[in-house]
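What follows is the residue order along each chain.
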Amino acid sequence: MVHLSHKFSTIPINFIPKQFSKHLPQQIPSQTTPPFIPFSQRQNQRSLLESQLISALNCCTSLTQIQQIHARILRKGFEQCCYVLTKLIRILTKMEIPMDSYAKLVFNQVENPNPFLCTALIRGYCLQGHVKESVFVYSEMRKKNVLPISFTFSALFKACGVVNDVDLGRQIHGQTILIGGFGFDLFVKNSLIEMYVKLGFLGCGRKVFDELPGRDLISWTELIVGYVKAGDMESAGELFSELPKKDMVAWTAMVTGYAQNAKPREALEFFERMLNEGVETDKVTLVGVISACAQLGAAKYANWIRDTVENLGFSPTRCVVVGSALIHMYSKCGSVEDAYKAFKVMEEKNVFSYSSMIAGFAMHGYAYAALELFHEMVKIGIKPNKVTFIGVLTACSHSRMVEQGRQIFESMEEKFGISPGVDHYSCMVDLLGRAGCLEEALNLAETMPLEPNGGVWGALLGACRTYSNPDIAQIAANHLFELEPNAIGNYILLSNIYASAGQWNDVLMVRKMMRERGLRKNPGCSWLETKKGVIQEFFSGDMSHPRYGEMKQVLEDLLNRLKAIGYQPNMNSIAYDVSDEEKRRILITHSEKLALAFGLLDINADFPIRIMKNIRMCEDCHSFLCAVSQITRRVIIVRDNLRFHHFHDGKCSCGNFW
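Residues numbered from 1 in each chain as written. Predicted model: local features only at pLDDT ≥ 70, side-chain atom pairs only at ≥ 80, totals over all residues. Heavy atoms only, no water.

Colleague: Just checking my understanding: could you explain the overall build of the protein for this structure?
Modeller: Each helix and strand in the protein was counted, giving 34 helices and six strands. For the protein, whose C-alpha radius of gyration is 35 Å, the value lies well above the compact-globule estimate of 26 Å for 658 residues. Looking at the protein as a whole, 48% of its 658 residues are labelled buried. Intrachain contacts of the protein at a sequence separation of at least 6 include 63% that bridge at least 24 residues. Roughly 33,600 Å² of accessible area belongs to the protein as shown, and the carbon and sulfur atoms make up 52% of that amount. Here the protein contributes 70 positively and 66 negatively charged side chains, and the mean placements of these two sets differ by 7 Å. (Helix = DSSP H or I, 4+ residues; strand = E, 2+ residues; numbered from the N terminus. Rg over C-alpha atoms; globule rule 2.2 N^0.38 Å. Buried < 20%, exposed > 50% of the residue type's maximum accessible area, 1.4 Å probe, protein only. Contact = heavy atoms within 4.5 Å. Areas by Shrake-Rupley, 256 points an atom, 1.4 Å probe, with all protein chains shown as cover. Lys, Arg positive; Asp, Glu negative; His and termini not counted. Charge placed at Lys NZ, Arg CZ, Asp CG, Glu CD.)

Have a look at this one:
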């Protein structure tokens, strides 16, 4: 029997009709079998090509390049290769290409997607904020009996944290239990702790943590950070002490946590312990401890941290983040001159350093310097941000620069494309209120396009105290009582406004509200740094200080000298219906007066007396300190919760406008 293939392969060329011969080669090879390639070699070639495609995808910087590599993937027959396509989807995600427009189409063409490919799509949807779509992909994945992997759940937990959906997070948590095999997966459990902590369910996060058979630094740190954010530094400290091995992240969490929760001494203590342990620090740690120094307002700590920063290699000259933090610190410590020196030596300045310096000038009453710096940054091409405008508007507010403030406020959107936020409206209400334009300030608060917050109504209430307007004060206070029902300062301020107007029945009504709501007044507290660098605290009415007898004598001598030049106590600063003699006794024991007396006893005349105060300074203390600076020739610097006051030769930097 003759094989057809053999028969046709031997037909002479001249036997083929001419109309067909032109389509054939002039010489027909006698052997057409391709060379044999072993299977192992073909696998090696495929693996090499996979690696080349992955490398090419890693180098893509544009959608066009990705499409070119994708075309090569198709030509080489890798359209079903989950390994390569997973990388393709991750690159598309990294370049923020919408998932539905490309990645989903690629995914849909794969007949049997593996867990890694499914997870890449889930992760992409999660990162782009499409949580429902990511959950749908997960559901389809489970219908096809594709088992999830650790990265699948970690992506979903992160997504739940982003959209604040704890119920969905709990359902996915249940999936890890139902499917099984993830009870000992540390990666999944840490993602779960992170989600619960971020959503404010610390108890759930702690339960997951306690049930972990093995923990790593991430497990501990996630929970410590959670307690820090919740303000529970006691629990954070207990966890930290139990942590077997403490790294820089854990130490930094504690330092910044104490600083953020108004515990600056503890922050400094932890930072010193961190240095003594030889733990490496970074910019985040330093910014946290610099913030703690700013809260204390003590020159000793300010200079110490400046030297420490230099020794650790984070000189503000070259590190713009640390430099900006130091500017803020020196400003809060009462030395705007040192803040400006730090600003000037910075080789690189950005919007944050400029904003910090502008805010520093604003809080010290140097409005023209703040405006000049603002115009300078705009001129050199640094675009201001929202924080910059808060600083500039505050400067205008504290110096009664109403027209300048209006122009800057209007320029935000017109010139810089920045929509004013509620804080900017708060600054404008404050600006108008301080200038006595109470009706205009009220109208702005009631007609602003955003929902006014406590800052807006608080600014208006403060202005009502300055200009003794109980009617508008009542309107502002009613809003504040709804927004901040437990903020006792609002009740006290309204009570003081009623007291100044002689409306004692209304004063009693406000005090009754405070009692019914269980609110207690925070005592006035002032502190200063002694010549030995020790922080001394003084509370209003507290006579327990070891040197109180000497301090009382200093204050009595000052009163006698001040009366000779016409000073009289401002009785309206006491919101109690008591005798004038009792009011005088209360006034003379205000915390800043006690701190001043101690400062006169302890601090050399060549140095300023720097006092920090936790609440707004009353009118009597302001006039008292003005007069004391005149008769003693001392420089007195006071920082209250609103701004700095520089008293010298009988005058204050605020121009009696605060």
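Once you've had a look at it, read on.
Colleague: Got a minute to help me understand the UniProt feature "repeat: PPR" (unreviewed entry) in the protein in this structure?
Modeller: Taking the numbering used here, the UniProt-annotated feature "repeat: PPR" (unreviewed entry) corresponds to residues 114-148, 216-246, 247-281 and 350-384. Taken end to end, residues 216-246 comprises 74% helix and 0% strand; its first and last C-alpha atoms sit 11 Å apart. In the segment residues 350-384, helix accounts for 74% and strand for 0%; the C-alpha atoms at its two ends are 9 Å apart. (UniProt positions renumbered as here; feature names shortened; annotations may be inferred.)

Colleague: Quick question: what am I supposed to make of the side chain of Ser355 here?
Modeller: Structurally, Ser355 is set in helix α21 (residues 351-363). Polar side-chain contacts of Ser355 include one of 2.6 Å to the backbone oxygen of Val351. The residues touching Ser355, leaving out its near neighbours within four places in the chain, are Asn385, Val387 and Thr388. (Polar contact = N/O pair within 3.5 Å; in protein donor to acceptor, adjacent residues only side chain to side chain.)

Colleague: Mind showing me how you'd approach the pairing of strand β5 (residues 644-648) here?
Modeller: Residues in a regular strand point their side chains to alternate faces of the sheet. With four of five residues buried, β5 is to be regarded as a mostly interior element. Sheet topology places strand β4 (residues 636-639) next to β5; four bridges connect them, and they run antiparallel. Among the inter-strand pairings, Val638 is bridged to a residue of β5, identified as His645. The hairpin formed by β4 and β5 contains four residues between the paired strands. In this structure, β5 lies alongside strand β6 (residues 651-652), joined through two bridges in antiparallel fashion. Paired with His648 across the bridge in β6 is Lys651. (Pairing = 2+ DSSP bridges.)

Colleague: What am I meant to see in the packing of helix α26 (residues 438-447) against helix α27 (residues 454-466) here?
Modeller: When two helices pack together, their arrangement is captured by the angle between the axes and the distance separating the axes. Between α26 and α27, the least distance of the axes is 10 Å, while the angle of their chain directions is 165 degrees. Classed by the angle they form, the pair α26 and α27 counts as roughly antiparallel. Seen from above, α26 lies across α27 with left-handed handedness. Residues Leu438, Ala441, Leu442, Ala445 and Glu446 of α26 form the contact with α27, whose participating residues are Val456, Trp457, Leu460, Ala463 and Cys464. Among the residues forming the contact of α26 with α27, the class breakdown is nine nonpolar, no polar and one charged. (Axes fitted to C-alpha atoms, helices over the stretch in contact; angles between N-to-C directions. Parallel < 35°, antiparallel > 145°, perpendicular 65-115°, else oblique. Left-handed = near helix turned anticlockwise from the far one by under 90°. Nonpolar A, V, L, I, M, F, W, Y, C, P; charged D, E, K, R; others polar.)

Colleague: Explain the domain arrangement of the protein here, please?
Modeller: Much of the literature gives interface size as the accessible area that the parts lose upon coming together. Partitioning the protein into structural domains gives domain 1 (246-348), domain 2 (421-521) and domain 3 (525-652). The gap between the C-alpha centroids of domain 2 and domain 3 is 27 Å. Roughly 780 Å² is buried in total at the junction of domain 2 and domain 3, and carbon and sulfur atoms are behind 43% of that figure. Of all residues in domain 2, the largest losses of buried area upon contact with domain 3 belong to Arg465, Trp504 and Arg511, amounting jointly to 57% of the total for that side. The tally of links from domain 2 across to domain 3 stands at zero salt bridges. The tally of links between domain 2 and domain 3 comes to zero residue pairs in polar contact (both at pLDDT 80 or more). (Domains from an automatic or database assignment. Buried area = accessible area lost by both parts, 1.4 Å probe. Salt bridge = Lys/Arg side-chain N within 4 Å of Asp/Glu carboxyl O.)

Colleague: Got a minute to help me understand a nonpolar patch on the surface in this structure?
Modeller: A contiguous nonpolar patch, built from Phe116, Phe151 and Phe187 and spanning about 320 Å² of accessible area, is present on the exposed surface. Inspection of the secondary structure assignment puts Phe116 in helix α7 (residues 115-127). (Patch = residues over 30% accessible without salt bridge, like charges linked within 9 Å, V, L, I, M, F, W, Y side chains within 5 Å.)

Colleague: I'm lost on the packing of aromatic side chains in this one. Help?
Modeller: The geometry of an aromatic ring pair is captured by two quantities: the separation of the ring centres and the angle between the planes. As enumerated under the stated definition, the model contains 21 aromatic pairs in all. Aromatic pair Phe209 and Trp220: ring centres 5.0 Å apart, planes at 80 degrees, arrangement edge-to-face. One end of the pair, Phe209, is in helix α12 (residues 202-211); the other, Trp220, is in helix α13 (residues 217-229), with eleven residues separating them in the sequence. By relative accessible area, Phe209 is classed as buried at 2%. Judged by its relative accessible area of 7%, Trp220 falls in the buried class. When the centroid spacing of 5.7 Å and the interplanar angle of 50 degrees are considered together, the rings of Tyr340 and Phe361 count as tilted. Here the residue Tyr340 occupies a position in helix α20 (residues 336-345), and Phe361 occupies one in helix α21, the gap between them amounting to 21 residues. Assessed through its relative accessible area of 10%, Phe361 is described here as buried. A network of ring pairs unites the aromatic residues Tyr340, Phe343, Tyr354, Phe361 and Tyr366 as a single cluster. Taking NZ or CZ as reference, Lys246 lies 5.3 Å from the ring centre of Phe240, over its face. The ring centre of Phe270 lies 4.6 Å from the NZ or CZ of Arg273, which sits over that ring. (Phe/Tyr/Trp six-rings, centres within 6.5 Å; stacked < 30°, edge-to-face > 60°. Lys NZ or Arg CZ within 6 Å of the ring centre and 35° of its normal.)

Colleague: Which parts of the structure should I look at to understand helix α28 (residues 470-483)?
Modeller: Each α-helix turn comprises 3.6 residues. Residues three or four places apart therefore point the same way. Relative to the 20 Å expected for 14 residues at 1.5 Å per residue, α28 spans 20 Å between its end C-alpha atoms, a close match to the ideal helical length. What α28 keeps buried is the set Pro470, Ile472, Ala473, Ala476, Ala477, Leu480 and Phe481. Those residues of α28 that are buried lie in contact with α26, α27, α29 (488-500) and α30 (504-516). The N-cap residue of α28 is Asn469: its side-chain oxygen and the backbone nitrogen of Asp471 are 3.3 Å apart. (Expected span 1.5 Å × (residues − 1).)

Colleague: Quick question: what am I supposed to make of the environment of His648 here?
Modeller: Among the structural elements, His648 can be located in strand β5. Here the alpha-carbon distance between His648 and Ser629, two residues 19 residues apart in the chain, equals 5.2 Å. If we skip the residues at most four places from it in the chain, His648 touches Ser629, Arg634 and Val635.

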